[in-house]
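Chain by chain, the residues:
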Amino acid sequence: MAEETRIAETGSWWSSSWLPSWCLTSQTRLREAEERMLECITSSFCKNYVHISDKNSLWTLAFKESMEKKTPLVLLHGFGAGVGLWALNLDSLSQQRPVYAFDLLGFGQSSRPHFNTDAQEAELQFVESIEQWREKLGLDGMILLGHNLGGYLAASYAISYPDRVKHLILVEPWGFPERPDPGDQERPIPVWIKALGAMLTPFNPLVGLRLAGPLGLTLLQTLRSDFKKKYATVFNDNRVTEYIYHLNVQSPSGESAFKNMTIPYGWAKRPMLQRIGLIHSDIPITVIYGTRSSIDGHSANSIKEMRPNSQVEIIAIRGGGHYVFADQPDDFNQKILHVCERIS
């Protein structure tokens, strides 16, 4: 049996030595959970650690057999996720060009270092890790696709390294709009939610999952039973929630960085819409939303309005929620393939 991992909170002002060490997880269990997620993939691929600076590594899946000379598609997952959640997409997307997916620094099987507590510096650490990963693989240019936090980081990367981004695809991106003034909101935030938000502000977002100890997996399976339904076409068990559990009860490195990049209620400290004009006008942008998503889709229209001399396409996928790539995988895959057809 694998040795159990003691969970320790990092990147926050408060000590967490009091946290129970009863989260039944380990790096081995995380690896096994990911392998079960990838069992449905029929295409040939390789997986390995790509070593970057400061002794850090990014866990990477590479689909390179088809049309290797074409611009590769690189997938950046969202908060609390990992490469395994692309299980319904990798086969289809890799039929026409190379595809890479890697666990962001601080997440999944990638290294989990200490991040700077400053929001701008933490963002820079993420971006520089992506660039170092690209350099190590020798990729001249990329079609960069990011979901949720991955969309935010993809946009930030495009600002810093415009020559490396051939097309930017933002899927349900987090962190673009500014937090609205309380008086501008259609529905005022209830006092009890404000109080709860203030109380939880010092803590990492998923600390409750770790505090639940051995009950955490059962709790996750109950509260997020929708994940089992999303992947029901290929899995008939609880492997998706098991994977998500083992992803998020490890050391919360990237989670702590994300927390330091937010203000209460999950808004970005440095909203990307304030900087969207810094992305070179010759980089096409595609924004994808699910019609059933709770994410504010107005950001896509704002991007289009703020970039009148650039190519900006907005795609709404019918019946898709925030995890649109899993809610409607066939439609999502076809839309992405169509977007990529324009890039050699």
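Identification of the protein as 1-acylglycerol-3-phosphate O-acyltransferase ABHD5 from Danionella cerebrum is taken from an unreviewed UniProt entry.

Chemist: Whenever I open this one, the packing of helix H3 (residues 119-137) against helix H4 (residues 149-160) confuses me. Can you help?
Modeler: How two helices sit against one another is set out by the angle between their axes and by the gap between those axes. Here H3 crosses H4 at 70 degrees, and the two axes come no closer than 9 Å. By the criterion of interaxial angle, the relationship of H3 to H4 is roughly perpendicular. For the pair H3 and H4, contact is made by Glu-123, Phe-126, Val-127, Ile-130, Glu-131 and Arg-134 and by Tyr-152, Leu-153, Ser-156, Tyr-157 and Ser-160, respectively.

Chemist: How do you make sense of the environment of Glu-35 when you look at a structure like this?
Modeler: Locating Glu-35 in the fold gives a position in helix H1 (residues 27-37). Put simply, Glu-35 and Tyr-243 are 208 residues apart on the chain and 9.4 Å apart in space, counted from C-alpha to C-alpha.

Chemist: Help me understand the sheet that holds strand E9 (residues 285-290) in this model?
Modeler: The 8 strands lie next to each other as E1-E2-E4-E3-E5-E6-E9-E10, forming an open sheet whose pairing is mixed. Edge positions in the open sheet fall to strand E1 (46-51) and strand E10 (312-317), since each of these has one partner strand only. Across the sheet, the mean angle from the axis of one strand to that of its neighbour is 20 degrees, orientation sign disregarded. When E9 meets E10, the two strands line up parallel, connected through 6 bridges. From the neighbouring strand, Thr-286 faces E10, where its bridge partner is Glu-313.

Chemist: I tried to follow the packing of H1 against helix H9 (residues 239-248) on my own but got confused; where do I start?
Modeler: For the pair H1 and H9, the least separation of the axes is 9 Å and the interaxial angle reads 145 degrees. With respect to the hand of their crossing, H1 and H9 are arranged in left-handed fashion. Judged by residue contacts, Arg-29, Leu-30, Ala-33, Glu-34, Arg-36 and Met-37 of H1 engage Arg-239, Val-240, Glu-242, Tyr-243, His-246 and Leu-247 from H9. Of the residues belonging to the contact of H1 with H9, the class tally is 6 nonpolar, 1 polar and 5 charged.

Chemist: What's the story with unusual backbone geometry in this structure? I'm lost.
Modeler: Excluding glycine, residues mostly have negative phi values, and the peptide bonds linking residues are mostly trans. The backbone phi angle of Asp-54 is positive, close to 60 degrees, even though this residue is not glycine. Here the phi dihedral of Lys-55 falls at roughly 60 degrees; this positive angle occurs in a residue that is not glycine. Within the element layout of this structure, Lys-55 appears in the loop between E1 and strand E2 (57-63).

Chemist: It is not clear to me how the environment of Asp-237 should be interpreted in this structure. Could you clarify?
Modeler: Inspection of the secondary structure puts Asp-237 in the loop between helix H8 (226-230) and H9. A distance of 3.0 Å separates polar atoms of two side chains, one belonging to Asp-237 and the other to Arg-36. Polar contacts involving the side chain of Asp-237 include one to the side chain of Arg-239, which spans 3.0 Å.

Chemist: Looking at this structure, I do not really get the packing of aromatic side chains. What am I missing?
Modeler: The geometry of an aromatic ring pair comes down to the distance between the two centres and the angle between the two planes. As enumerated under the stated definition, the model contains 16 aromatic pairs in all. Note on Tyr-100 and Trp-133: the rings are 5.8 Å apart at their centroids and 85 degrees apart in plane angle, and the pair reads as edge-to-face. Of the two residues, Tyr-100 is situated in strand E4 (residues 99-102) and Trp-133 in helix H3; the sequence distance between them amounts to 33 residues. By relative accessible area, which is 7% here, Tyr-100 ends up buried. Three or more aromatic residues link up through ring pairs in this structure, and these residues are Phe-79, Phe-107, Phe-115, Phe-126, Tyr-152, Trp-174 and Phe-258.

Chemist: Help me understand H3 in this model?
Modeler: An α-helical turn contains 3.6 residues, so a residue and the one three or four places further along point in the same direction. The terminal C-alpha atoms of H3 lie 28 Å apart, and with 19 residues this matches the ideal 27 Å at 1.5 Å per residue to within 8%. Of the positions making up H3, those classed as buried are Ala-119, Ala-122, Glu-123, Phe-126, Val-127, Ser-129, Ile-130, Glu-131, Gln-132, Trp-133 and Arg-134. N-capping of H3 is provided by Asp-118, with a side-chain oxygen placed 3.1 Å from the backbone N of Gln-120. At the exit of H3 stands Gly-138, carrying a positive phi of roughly 70 degrees.

Chemist: Honestly, helix H11 (residues 298-306) in this entry has me stumped. Any pointers?
Modeler: Inspection of H11 places Ser-299, Ala-300 and Ile-303 among the buried residues, and these make up the whole buried set. Projection of H11 onto a plane perpendicular to its axis shows the buried side chains occupying an angular sector of 105 degrees, all on one side. Projecting away from the buried face of H11 at angles above 90 degrees are the exposed residues His-298 and Glu-305. Buried-residue contacts for H11 involve strand E6 (165-173), E9 and E10.

What counts and what doesn't
Residues numbered from 1 in each chain as written. Predicted model: local features only at pLDDT ≥ 70, side-chain atom pairs only at ≥ 80, totals over all residues. Heavy atoms only, no water. Axes fitted to C-alpha atoms, helices over the stretch in contact; angles between N-to-C directions. Helix = DSSP H or I, 4+ residues; strand = E, 2+ residues; numbered from the N terminus. Parallel < 35°, antiparallel > 145°, perpendicular 65-115°, else oblique. Contact = heavy atoms within 4.5 Å. Pairing = 2+ DSSP bridges. Left-handed = near helix turned anticlockwise from the far one by under 90°. Nonpolar A, V, L, I, M, F, W, Y, C, P; charged D, E, K, R; others polar. Polar contact = N/O pair within 3.5 Å; in protein donor to acceptor, adjacent residues only side chain to side chain. Phe/Tyr/Trp six-rings, centres within 6.5 Å; stacked < 30°, edge-to-face > 60°. Buried < 20%, exposed > 50% of the residue type's maximum accessible area, 1.4 Å probe, protein only. Expected span 1.5 Å × (residues − 1). Arc of directions from axis to C-beta.

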